[in-house]
Amino acid sequence: MNRCAWWVVGSVALGLAFGAAPAAAACNAPVLTCLIGEAMAGAEALEDTGARDEVFFEIVTTLAGQGERQDALDLAARIENPATLAEAQSEVAKAEARLGHFDTATAIAFAILDSRNESVRIVAIEVIATEQARLGLVDPAFETVIGIDNPYRRSEAEARIAKAVAMTGDMDAAFRATARIATSYWFSTGQPQFKIASGLVSRSTEFDDYWFFQALVELAELQARNGDVIAALMTARSIPDFVARSRALSGIAVAQADSGDIDGAMETARRIESAYGDLDAMIAIAGARARAGDTLGALTLARSIWSGYGADAGFVPVAVEQVRSGDLAGGLTSLSHVGSQQSRSRALAEMALVLGQGGRIEDALGVIDRIVEARDRELALQALASDLARSGRGAEAVDIAKGLEDEGLAAQILIEVAVQIAAAGDLTAALTVGRSIADPMSRAIALAEIARVIP
């Protein structure tokens, strides 16, 4: 069946699953304008200010991504909750940065009032700086982050600049950017107008040293993932701090294991100096062995990790790979060795995705039912439905939502499914799903998010 025919069938299936979508008011404007208008009408009809704020936030994000900066800011001004307002303004600043409008992005970001530890103001500044770095504007990027008054977070942002440069492929420039992380801040000249004093006379070099080292760790791992293991090892050996050096070597070994180079990963892991610093590497190697078909060797290594480190996480990738190979019973048996709820939840969620990708939906749902924590179970269901919708199996994703007693969770899943279907190009089917959501707030959010992803 060709692609076009498949989508026609998919649209019909979704329509049958939910019945006809609620009729929208006639709209002769462009589709994007109509959807935003429909979402706005839904928001205006909400009596609860918190719910209305949430819909306004989603519409602001959509408008900002389309370059409608002033409309986005005007709507953000109607948000009553200060935290939601700050988050909306941050989204506008980040969208402006992604569009290359750095002056307006910076002005919006620095106007955000947010003193929380996880400040969205700082996040926006980081995004602006990394977008500048991605375009080769490294000096402006470092000037942008001077406006972050928390020394630790500022150094972290500088490390993100270095990584953004590395992602462009210019490793020499990335290392030059990394070297700047430890540069003096308070006594530099030509400071931009946005510099904000934190009250410190001087700052601990630990802030700079940590992120300087961490930037090198991430560059080494990136080199390894790009296939240049020799350069990665040279970068790792150049790190003077043995703990950070061990992290770098571990990241390189994990990258080698992920690429199937088991012997190379083992050799790199042997170079790790810090106690238990090779744990992540050994777990990755166990998974690589299982992927290569050596289940017995993988399980043997997982048992060695358990006896030597007291960590049961080595069984997690082995169990997932057993399920991928078709051995669900064996995977669940391996998982029985895992006592950590967090590790079990992660493994079961990954196993469910593998089963879903293979068309075994009932088995996938059965695996998710084994997850003890309710929130982890919800996240696993959302991930499964999203993955199905993204792969063109929206009707199956809708069925998952229909089978849930929790209407709030069902609405969250349907929003995600509708967005994935829209992103795949079937607006009609996406709107059928989005408009079928019973909760008015969730329905309006779905429309705003669909508008964000339509071609």
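Only a predicted model underlies this, so the values are computations on that prediction, with no experimental measurement involved.

Parameters and conventions
Residues numbered from 1 in each chain as written. Predicted model: local features only at pLDDT ≥ 70, side-chain atom pairs only at ≥ 80, totals over all residues. Heavy atoms only, no water. Core = buried A, V, L, I, M, F, W, Y, C linked by side-chain atoms within 4.5 Å. Buried < 20%, exposed > 50% of the residue type's maximum accessible area, 1.4 Å probe, protein only. Helix = DSSP H or I, 4+ residues; strand = E, 2+ residues; numbered from the N terminus. Contact = heavy atoms within 4.5 Å. pLDDT = per-residue confidence, 0-100. Axes fitted to C-alpha atoms, helices over the stretch in contact; angles between N-to-C directions. Parallel < 35°, antiparallel > 145°, perpendicular 65-115°, else oblique. Left-handed = near helix turned anticlockwise from the far one by under 90°. Arc of directions from axis to C-beta.

Q: I tried to follow the nonpolar core on my own but got confused; where do I start?
A: If you look at soluble globular proteins, the nonpolar side chains tend to sit buried side by side. In terms of nonpolar packing, the biggest core is built from 127 residues, with Ile59, Ile285, Met351, Val417 and Ile450 touching the most fellow members. Among the elements that take part in this core, helix α23 (residues 407-423) stands out by supplying 11 residues, more than any other. With residues near it in sequence (within four places) discarded, Val417 still touches Ala385, Ala389, Gly394, Ala397 and Val398. Grouped together as the second largest cluster of nonpolar side chains are 15 residues, Ala220, Ala232, Ile239 and Ala244 included.

Q: Help me understand the confidence of the model for the protein chain in this model?
A: Fine structural detail should not be taken from predicted coordinates in areas where pLDDT scores are low. Here the protein chain shows a mean pLDDT of 88. Residues at 70 or above account for 88%. A low-confidence stretch, residues 1-21 stays under pLDDT 50, and its non-local contacts, those more than four residues away or across chains, total 30 contacts. Every residue in residues 184-207 scores below 50 in pLDDT, and together they form 37 contacts with partners more than four places removed in sequence or on other chains.

Q: Any chance you could explain the environment of Pro240 here in plain terms?
A: Here Pro240 is to be found in the loop between α12 (229-237) and α13 (242-258). Pro240 sits 27 residues away from Phe213 along the chain, and the two C-alpha atoms are 8.3 Å apart. Not counting chain neighbours up to four residues away, the residues in contact with Pro240 comprise Phe213 and Arg245.

Q: Please clarify how the environment of Arg346 should be interpreted in this entry.
A: Along the chain, the position of Arg346 falls in helix α19 (residues 341-357). Here Arg346 falls in the partly exposed class, since its relative accessible area comes to 41%. Between the alpha carbons of Arg346 and Asp376 there is a distance of 8.1 Å; along the sequence they are 30 residues apart.

Q: Explanation requested: the packing of helix α15 (residues 279-291) against helix α16 (residues 295-309) in the structure shown.
A: Between two packed helices, what matters for the description is the angle formed by their axes and the separation of those axes. The interhelical angle for the contact between α15 and α16, taken along N-to-C directions, is 160°, at an axis separation of 7 Å. Between α15 and α16, the angle is such that the two are roughly antiparallel. Regarding α15 and α16, the two cross each other, and that crossing is left-handed. Facing α15, whose interface residues are Leu279, Met282, Ile283, Ile285, Ala286, Arg289 and Ala290, α16 presents Thr295, Gly297, Ala298, Leu301, Ile305 and Tyr309.

Q: I'm lost on helix α20 (residues 361-369) in this one. Help?
A: Three- or four-residue spacings in an α-helix give side chains the same orientation, since the helix completes a turn every 3.6 residues. For α20, the set of buried residues is Ile361, Ala364, Val367 and Ile368. All buried residues of α20 lie within an arc of 120° about the axis, which places them on one face of the element. The outward face of α20, more than 90 degrees from its buried face, is lined by the exposed residues Glu362 and Asp369. Buried-residue contacts for α20 involve α18 (328-335), α19, α21 (374-390) and α22 (394-402).

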